[in-house]
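# Topology and contacts: notes
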Amino acid sequence: MDEKNNQINYKIENFARFITPLPVEPKQTNADKHVNWGEDNLYPNFLIDIADKSSLHGSILNSKSNYIFGDGLIDKKSGEFLNEIQVNEDDSLSELIKKCINDLVYFNAFAVEVTFNQLGEPFNYYHVPLHHVRLNNSKTTFFVNKDWKNTPRTVLSYPKYFPKSNDTTEPKIFYFSSYNVSVNNTYPSQDYKCIESAVTDMLVTTLFKNNVANSFSLTKVIKTFNGQVSEDQQRIITKKFRDIFSGADGENLLVEFNSPQGQAMEIDTIPADDYASKLIEVIKKTERNILSAHQATSSILFGVEKEGSLGNASELENAYQLFKNNYVKDKRIEIVNAFNKLFQADDRLPIIDLKDKEKLFKPELDSATKEKILTVNELRSEAGLEPLPDGNTLLTTTQSFSADKKKDDEIESYSATIEDFEKIKHLGTAKEDFVLIGKAKFSGCGHYHFASNYNSIEEYLLDNKIEGMTLDEIAIKIGNELNQNITKQEVQNAIELLKNAGLISAKTNTANNIIHTAPSTIANANKIEVWYDYVKRDEADGNTIIPTTRHFCQAVINSNKYFSASDIQKFSIAFGYDVKTHCGGYWKNKTTGVVNKYCRHEWVPVRLYKP
């Protein structure tokens, strides 16, 4: 104000506002020079900065990258995971694609440097961080500098890489940019429209107490009564006050230089609005804007708590499925297509795909549980097989299996192959995991059912003590229990089997042949299981494996596994005929000339104990 009229001179300390940079592209007509990305050519650095300082925005970007990558990189034809392929000295193919996905999420583009061997063939692929890259106006030349903020003394230029259209072996840049509506001609526009909100979130974090960049209001008026002072002196005085009141948690202030002298300095506080309530509203609005801009169908999908709800697995699954349909699928298609285009001139690399993370909380069920709750067609679907007309029923080990209902003449001409074995090679359990009790001839007593009445000598011995009896007496006693004719040799064999397995204790008084047995403390009847071994039939001549043995049969035998009844049932599901009955297919006995409806091998039940 005019000193003559008011005797007061105001010095307003106006702290700097945070001005959000814009992704402008200054005009550049020289094709040999790069177009600036933003007025200061540092716009991508700004995007990285707000992702680092806005926890919500940065977390969503990282989550997007993870959702796009899914369960990992696979060969599109075989479905196998591609974890071991190296594309340069340091990076695997998966690592390269992960880095490029991050750039695509942050900047909507990515760049890969391609180097060549002496034959002019693509040899190595290197990720080039997109914030290091600048383009000319025709997007045919790429300029790479690790630090555009400082004087660019090490700028390297690369021509654009065109798959199958390269006439030199100099390194080139493969560049992909996702389309988004924008006034820019050279650089991509981000697909998240929340820059201002992310900046606000960043500033709330930095200046959480009283100010959000330019503050909500003026808070201090400092009055001095030392007369009028020069502009230089005013600057010195206000700087001192600013040092006292400002800083990361500072307050805006106004300094009055009053003419009347002899009065002490006064500091007045201007009543402020409720900053806390304003900050809460700003934070909530900012959060909503960021989530909406990222197409986030649910805040809990990105770790943001929802008021009044803890969030459950079902809600998260639904939110993920919506987000996947609205965003993830399109981005995944873009990056897969881009890399398959990049690799089309390289015969060493397969056509790739990204395996979808179908569910966030996929339950892991054991085989026994699956067989109780899944239908035959559901089990076939898990194995990648077509449904069966009668397959919408639960699988049980006792049901008759129609599968594809191959006719006898079809089975006779069909031979299980090594390809069939590949479908079921994960089934079965290694033999070394078990203690073999004996082949399940069941002592001539029929089937072996532990959970019911006793049906074998072994079942009886596992549950009952034998006190002071001879083998003949034991045979009579157990025979009465089983309603079977039992010999003392069968009793002796059963005792030896269980004793050697550590499942019972047994002592014999050699003087009078009195026997004492008792179940072992570590065992009970349920520890004995019946599995199946794949062996040569007694009536088949020659060794177990001969030159004409089917590849399938050979592979099953060489796997050195035992198979459960449900395992064999799954064989049938996969092959389309009853593998328990027909095994590897029909077999003509050269000795008798008879065509048997099974091969030279059979499934022999064995009694096992798993320690």
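Since we're looking at a predicted model, the values are computed, not measured.

Each aromatic ring pair is summarised here by two numbers: the centre-to-centre distance and the angle between the ring planes. Considering all chains together, one arrives at 23 aromatic pairs under this definition. Relative to Tyr175, the ring of Phe142 lies with its centre 5.4 Å away and its plane at 45 degrees, an arrangement referred to as tilted. With Phe142 in strand 6 (residues 141-144) and Tyr175 in strand 8 (residues 172-177), this pair connects stretches of sequence that are 33 residues apart. Comparing Phe142 with Tyr175, the two get one shared label, buried. Their ring planes at 80 degrees and their centres at 5.7 Å tell us that Phe563 and Trp603 sit as a pair that is edge-to-face. Taken together, the residues Phe563 in the loop between strand 19 (561-562) and helix 17 (565-575) and Trp603 in strand 22 (residues 601-609) connect sequence positions 40 residues apart. Taken together, the ring pairs connect Phe110, Tyr125, Phe174, Phe176, Phe339 and Phe343 into an aromatic cluster. Taking the ring centre of Tyr327 as reference, the NZ or CZ of Lys64 above it sits at 4.3 Å.

Let us look at the sheet that holds strand 3 (residues 109-116). Strand order across the open sheet formed by three strands is 4-3-8, with antiparallel pairing between neighbours. For this open sheet the edge positions go to strand 4 (122-128) and strand 8, each flanked by a neighbour on one side alone. In this sheet, adjacent strand axes meet at a mean angle of 25 degrees when their direction is disregarded.

With that out of the way, let us pick up helix 15 (residues 488-500). With 13 residues, helix 15 should cover 18 Å at 1.5 Å per step; its first-to-last C-alpha distance of 18 Å lies within 8% of that length. Buried residues of helix 15: Val491, Ala494, Ile495 and Leu498, and no others. Take helix 15 and look down its axis: the buried residues cluster within an arc of 100 degrees, on one side only. The first or second residue beyond helix 15 is Gly502, which carries a positive phi of 80 degrees.

All right, on to the confidence of the model for the protein then. It should be kept in mind that the predicted coordinates are not to be read in detail where pLDDT is low. Overall, the prediction assigns the protein a mean pLDDT of 76, with 71% of residues at 70 or greater. Counted against residues more than four places away or in other chains, residues 397-405, with its pLDDT under 50, gives 22 contacts. A low-confidence stretch, residues 522-526 stays under pLDDT 50, and its non-local contacts, those more than four residues away or across chains, total eight contacts.

Of all hydrophobic cores here, the largest spans 74 residues; its most connected members are Phe110, Tyr125, Ile335, Phe339 and Leu342. In contact with Ile335, not counting residues within four places along its chain, are Ile97, Cys100, Ile101, Leu104, Phe110 and Leu354. Judged by nonpolar contacts, the second largest core, of 23 residues, contains Phe552, Val556, Val579 and Cys599.

Attention now moves to the pairing of strand 12 (residues 352-355). Burial along strand 12 is one-sided: the residues Ile352 and Leu354 are buried and none of Asp353 and Lys355 is. In terms of strand pairing, strand 2 (residues 72-75) meets strand 12 through four bridges, oriented antiparallel. Looking at the pairing, Asp75 lines up with Ile352 of strand 12.

What you tend to see is this: most non-glycine residues have negative phi, and most peptide bonds are trans. A positive phi angle is found at Lys139, which is not glycine, with a value near 60 degrees. Take Lys139: it is sitting in the loop between strand 5 (133-135) and strand 6. Judged by relative accessible area, Lys139 falls into the partly exposed class, the value being 29%. Positioned with a positive phi, Asn560 is a non-glycine residue whose angle comes to about 55 degrees.

Moving on to helix 2 (residues 43-53). Residues Tyr43, Pro44, Phe46, Leu47, Ile50 and Ala51 constitute the buried set of helix 2. Down the axis, helix 2 shows its buried residues gathered within 155 degrees of arc, on one side only.

Below, the discussion takes up the environment of Ser197. Take Ser197: it is sitting in helix 5 (residues 195-206). By relative accessible area, Ser197 is classed as buried at 12%. Residues within four places of Ser197 in sequence aside, it is in contact with Thr286, Asn289 and Ile290. Among the polar contacts listed, one links the side chain of Ser197 to the side chain of Asn289, at a separation of 3.4 Å.

Turning next to the pattern of salt bridges. Here the idea is simple: oppositely charged side chains can pair when their charged atoms come close. Counting across every chain of the model gives eleven salt bridges. For Lys53, the salt bridge identified is with Asp49, shortest N-O distance 3.3 Å. One end of the pair is Lys53 and the other is Asp49, both in helix 2 and four residues apart, which spans about a single turn. Residue classification places Lys53 among the partly exposed residues on the basis of a relative accessible area of 44%. What makes Asp49 partly exposed here is its relative accessible area of 28%. Taken together, the shared-partner salt bridges in this structure form one network comprising Asp191, Lys331 and Glu334.

The next thing to look at is the packing of helix 3 (residues 55-69) against helix 4 (residues 93-107). Between helix 3 and helix 4, whose axes approach to 9 Å, the crossing angle comes to 135 degrees. Comparing their axes, helix 4 and helix 3 come out oblique. The two elements helix 3 and helix 4 meet at a crossing, and its hand is right-handed. In this structure, helix 3 contributes Leu61, Asn62, Lys64, Ser65, Ile68 and Phe69 to the contact, and helix 4 contributes Ser94, Lys98, Ile101, Asn102, Val105 and Tyr106.

A word on the sheet that holds strand 16 (residues 504-509). In spatial order, the strands read 15-17-16; together these three strands make up an open sheet with antiparallel pairing. Of all strands in the sheet, those bounded by a partner on one side alone are strand 15 (466-469) and strand 16. Taking each pair of neighbouring strands and ignoring which way they run, the sheet shows an average axis angle of 5 degrees. Relative to strand 17 (residues 514-519), strand 16 runs antiparallel, the two sharing six bridges. Bridge pairing in strand 17 links Ser505 to Ala518. The sheet contacts of helix 14 (residues 471-482) involve strand 15 and strand 17, and relative to strand 15 the element is tilted by about 130 degrees. Along the sheet, helix 15 makes contact with strand 16 and strand 17, crossing strand 16 at roughly 130 degrees.

Calculation criteria
- Residues numbered from 1 in each chain as written.
- Predicted model: local features only at pLDDT ≥ 70, side-chain atom pairs only at ≥ 80, totals over all residues.
- Heavy atoms only, no water.
- Phe/Tyr/Trp six-rings, centres within 6.5 Å; stacked < 30°, edge-to-face > 60°.
- Helix = DSSP H or I, 4+ residues; strand = E, 2+ residues; numbered from the N terminus.
- Buried < 20%, exposed > 50% of the residue type's maximum accessible area, 1.4 Å probe, protein only.
- Lys NZ or Arg CZ within 6 Å of the ring centre and 35° of its normal.
- Pairing = 2+ DSSP bridges.
- Axes fitted to C-alpha atoms, helices over the stretch in contact; angles between N-to-C directions.
- Expected span 1.5 Å × (residues − 1).
- Arc of directions from axis to C-beta.
- pLDDT = per-residue confidence, 0-100.
- Contact = heavy atoms within 4.5 Å.
- Core = buried A, V, L, I, M, F, W, Y, C linked by side-chain atoms within 4.5 Å.
- Polar contact = N/O pair within 3.5 Å; in protein donor to acceptor, adjacent residues only side chain to side chain.
- Salt bridge = Lys/Arg side-chain N within 4 Å of Asp/Glu carboxyl O.
- Parallel < 35°, antiparallel > 145°, perpendicular 65-115°, else oblique.
- Left-handed = near helix turned anticlockwise from the far one by under 90°.

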